[in-house]
Amino acid sequence: MTSWTASDILNPITMAMMNATGDKGWFGWQTDAKLEEIKLKFSQAQTDADKKALATAAQLRAFETVTHVPVGQYNQPAALRKNISGLVPAGAQVYWNIKKQ
């Protein structure tokens, strides 16, 4: 099992599980020219509507060919003392801008 942050899987281009370039991609991953074609069109899309349609097509293709099996999601909560401020909301914890009062 592995996991990714939301920013890693935000779109078909950055989503490692949708790498369908076979031996040129991630080890052991599939070769699927149709999925790669959809991703190329997504990268060239000009409108949000086109991007949404192509992202949906990529997701459907990924489920058809079983590129990955999503098994759920999880949260990583963080707690701060009252005298700490400046936490930057991000996909991962970052430790700049933090101030102790």
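This report concerns the structure included in the present document. These numbers were taken from a predicted model, which means no experiment stands behind them.

1. Regarding the nonpolar core
Line of reasoning, step 1. Core analysis: the largest hydrophobic core is formed by 11 residues, namely Met 15, Met 17, Met 18, Ala 20, Leu 35, Ile 38, Phe 42, Ala 45, Leu 54, Ala 58 and Ala 62.
Line of reasoning, step 2. Residue assignment for this core shows that the elements contributing at least two residues are helix H1 (33-44) and helix H2 (48-65).
Line of reasoning, step 3. The contact partners of Ile 38, leaving out residues within four places of it in the chain, are Leu 54, Ala 57, Ala 58 and Arg 61.

2. Here we look at the packing of H1 against H2
Line of reasoning, step 1. In the contact formed by H1 and H2, the axes pass within 9 Å of each other and the chain directions differ by 165°. On the basis of the axis angle, H1 is roughly antiparallel to H2. Relative to H2, H1 is oriented so that their crossing is left-handed. Facing H1, whose interface residues are Lys 34, Leu 35, Ile 38, Lys 41 and Phe 42, H2 presents Lys 51, Leu 54, Ala 55, Ala 57, Ala 58 and Arg 61.
Line of reasoning, step 2. Taken together, the residues of the contact of H1 with H2 break down into seven nonpolar, no polar and four charged.

3. Observations concerning the environment of Asp 50
Line of reasoning, step 1. Within the element layout of this structure, Asp 50 appears in helix H2.
Line of reasoning, step 2. Along the backbone, Asp 50 and Val 71 are 21 residues apart, and their C-alpha atoms lie at a distance of 28 Å.

4. Description of H1
Line of reasoning, step 1. Taking 1.5 Å of rise per residue, 12 residues should cover 16 Å, and H1 covers 17 Å from first to last C-alpha, within 8% of that figure.
Line of reasoning, step 2. Buried residues of H1: Leu 35, Ile 38, Lys 39 and Phe 42, and no others. Here the buried residues of H1 occupy an arc of 100° about the axis, which is enough to place them on one side. Those residues of H1 that are exposed and angled more than 90 degrees off the buried face are Ala 33 and Gln 44.

5. Focus on the side chain of Thr 67
Line of reasoning, step 1. Within the secondary structure, Thr 67 is located in the loop between H2 and strand S1 (84-85).
Line of reasoning, step 2. Looking at Thr 67, its side chain comes within polar contact range of the side chain of His 68, at 2.6 Å.
Line of reasoning, step 3. The residues contacting Thr 67, other than those within four sequence positions of it, are Met 17, Trp 29, Gln 30, Leu 35 and Ala 62.

Parameters and conventions
- Residues numbered from 1 in each chain as written.
- Predicted model: local features only at pLDDT ≥ 70, side-chain atom pairs only at ≥ 80, totals over all residues.
- Heavy atoms only, no water.
- Core = buried A, V, L, I, M, F, W, Y, C linked by side-chain atoms within 4.5 Å.
- Buried < 20%, exposed > 50% of the residue type's maximum accessible area, 1.4 Å probe, protein only.
- Helix = DSSP H or I, 4+ residues; strand = E, 2+ residues; numbered from the N terminus.
- Contact = heavy atoms within 4.5 Å.
- Axes fitted to C-alpha atoms, helices over the stretch in contact; angles between N-to-C directions.
- Parallel < 35°, antiparallel > 145°, perpendicular 65-115°, else oblique.
- Left-handed = near helix turned anticlockwise from the far one by under 90°.
- Nonpolar A, V, L, I, M, F, W, Y, C, P; charged D, E, K, R; others polar.
- Expected span 1.5 Å × (residues − 1).
- Arc of directions from axis to C-beta.
- Polar contact = N/O pair within 3.5 Å; in protein donor to acceptor, adjacent residues only side chain to side chain.

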